[in-house]
Amino acid sequence: MQINTNATLINADILGKLAKYKSLINHFTVSLEGLMIKHDEIRGQNNYKQVIDVIRLMKEYGFDLLVNITIKKSVTQDIDKIMKELLELGVSRFNFSRLRPTGISREYIDEFFDYSLNDYNDFMKKNYSYQKKYALKEYVDNIDSSELFDVMGVYCSAAAYTAAIYPDGRVSPCSFLDEDFSYLGIQFDNILEKSFFDIWRNSKSFMYMRNFKNECPEACEYFNICGTQCPLESYKQGNLHGRSLYCYLADRNQKFKDKLV
């Protein structure tokens, strides 16, 4: 189990109560937007300091944590400085993820999408070298594992081996799918009303994701590596079953922002 948090409500009292469940918690996932100026611009003044203080507190209580940073232009420019700060904090598990076009990210289209697919690929190669050099062995083994593709054939793990539980008890195949499933008229089951195993096996939202297909041809040379089954990315372009925002086949030099409808 991992706990995803922006860290704004985490304090010593909460960590003390969670300490007895430490063996069940694989890690906390804490979000950063890069260096302090960019992070505070997106998440609010003085938020960066608050998050860093909570990261230190989590380390004091012995919790493992992963710092997740969404890739954007400022991150690609500051990657070495960002890595230096993470390593000085003692963070040994980190991830740089591509933008999912939902929530506040829609307000930062120019910032998030103003680089080409080639730039994105170059950055991810550099990130991979950092993972290999600095990350926990267990985490490196995971990103090297071919099992990721054995489940669904793509990066999307929703309803295959991951699920998300919201604070109100709703259980979703993926934490990004609220808007899509609202559009489809599919309700999330609630863990306060049904067992997790019942939801995992029988929920309409989980069954929908397991049967989800898009229009990408299996003959595409990138079919098994690009993660194009994400309905959220397709839906943002007006077609739930269409191609991804990050379609390699469409135009490798096309800028992401030009793909948004």
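Our subject is the structure that appears above.
Residues numbered from 1 in each chain as written. Predicted model: local features only at pLDDT ≥ 70, side-chain atom pairs only at ≥ 80, totals over all residues. Heavy atoms only, no water.

Novice: Help me get a handle on the overall build of the protein, residues and values and all.
Specialist: For the protein, the helix and strand inventory stands at 12 helices and 6 strands. For the protein, the proportion of contacts with a sequence separation of at least 24, taken over those separated by at least 6, is 65%. Accessible area for the protein stands at about 14,000 Å²; split by element, carbon and sulfur atoms hold 51% of it. (Helix = DSSP H or I, 4+ residues; strand = E, 2+ residues; numbered from the N terminus. Contact = heavy atoms within 4.5 Å. Areas by Shrake-Rupley, 256 points an atom, 1.4 Å probe, with all protein chains shown as cover.)

Novice: Could you give an account of the sheet that holds strand β2 (residues 27-32), naming the residues involved and the relevant values?
Specialist: As summarised here, the arrangement of the 4 strands in space is β1-β2-β3-β4, forming an open sheet in which the pairing is parallel. The open sheet has two edge strands with one neighbour each: β1 (2-5) and β4 (94-97). Taken over all neighbouring pairs, the strand axes of this sheet differ in orientation by 25° on average, direction set aside. Strands in contact with helix α3 (residues 47-60) are β1, β2 and β3 (65-70); relative to β2, the strand with the most contacts, it is inclined by about 160°. (Pairing = 2+ DSSP bridges. Axes fitted to C-alpha atoms, helices over the stretch in contact; angles between N-to-C directions.)

Novice: Lay out the environment of Pro231 with the relevant residues and their values.
Specialist: Note that Pro231 resides in helix α12 (residues 231-235). Assessed through its relative accessible area of 4%, Pro231 is described here as buried. Taking the C-alpha atoms as reference, Pro231 lies 7.9 Å from Gly242; in sequence the two are 11 residues apart. (Buried < 20%, exposed > 50% of the residue type's maximum accessible area, 1.4 Å probe, protein only.)

Novice: Tell me about the side chain of His39, residues and numbers included.
Specialist: Residue placement: His39 occurs in helix α2 (residues 36-43). Among the residues examined, His39 registers a relative accessible area of 0% and is labelled buried. A distance of 3.1 Å separates the side chain of His39 from the backbone nitrogen of Glu33, its partner in a polar contact. In this structure, His39 is in contact with Ser31, Leu32, Glu33, Gly34, Gly44, Asn47, Tyr48 and Val51, ignoring residues within four places of it in sequence. (Polar contact = N/O pair within 3.5 Å; in protein donor to acceptor, adjacent residues only side chain to side chain.)

Novice: Can you lay out the pairing of β4 for me, pointing to particular residues and giving the numbers?
Specialist: With 4 bridges joining them, β3 and β4 adopt parallel strand pairing. Each residue of the ladder has a partner; that of Val67, found in β4, is Phe94. You can see the chain leave β3, run along helix α4 (residues 73-88) and come back into β4, and the turn it takes is right-handed. (Right-handed = clockwise from strand over helix to strand, strands pointing away.)

Novice: Could you give an account of the pattern of salt bridges, with specific residues and numbers?
Specialist: For the structure shown, the criterion picks out 9 salt bridges. Asp168 serves as the salt-bridge partner of Arg170, at 2.9 Å between the closest nitrogen and oxygen. By relative accessible area, which is 26% here, Arg170 ends up partly exposed. Taking relative accessible area as the criterion, Asp168 reaches 40% and is therefore assigned partly exposed. A single network of salt bridges, built from pairs that share partners, joins Lys49, Asp53 and Arg56. (Salt bridge = Lys/Arg side-chain N within 4 Å of Asp/Glu carboxyl O.)

Novice: An account of the pairing of β2 is requested, with residue identities and associated values reported.
Specialist: With 6 of 6 residues buried, β2 is to be regarded as a mostly interior element. Neither face of β2 is exposed, since His27, Thr29 and Ser31 on one face and Phe28, Val30 and Leu32 on the opposite face are all buried. In this structure, β1 lies alongside β2, joined through 4 bridges in parallel fashion. Its bridge partner lying in β2, Gln2 is registered against His27. On the question of chirality, the crossover connecting β1 to the parallel β2 by way of helix α1 (residues 12-18) is right-handed. By the bridge criterion, 5 bridges tie β2 to β3 in an arrangement that is parallel. By the bridge assignment, Ser31 is partnered in β3 with Asn68.

Novice: Break down the nonpolar core for me, citing the residues and quoting the values.
Specialist: Counting 31 residues, the largest nonpolar core has Ile55, Met58, Leu86 and Phe96 as its most contacted members. Listed by contribution, the elements that provide at least two residues to this core are β2, α3, β3, α4, β4 and α6 (117-134). In terms of residue count, the dominant contributor to this core is α3 (7 residues). What Phe96 contacts, discounting residues up to four positions off in sequence, is Ile69, Ile71, Val75, Ile79, Ile82, Met83, Phe123, Met124 and Asn127. (Core = buried A, V, L, I, M, F, W, Y, C linked by side-chain atoms within 4.5 Å.)

Novice: Could you give an account of the packing of α2 against α3, with specific residues and numbers?
Specialist: The angle between the axes and the distance between the axes are what describe a pair of packed helices. Interaxial distance between α2 and α3 falls to 8 Å at its minimum, and their mutual angle equals 105°. Considering the angle they form, α2 stands roughly perpendicular to α3. Along its contact with α2, which presents Met36, His39, Asp40 and Arg43, the element α3 presents Asn47, Tyr48 and Val51. Looking at the contact of α2 with α3 residue by residue, the classes come out as 3 nonpolar, 2 polar and 2 charged. (Parallel < 35°, antiparallel > 145°, perpendicular 65-115°, else oblique. Nonpolar A, V, L, I, M, F, W, Y, C, P; charged D, E, K, R; others polar.)

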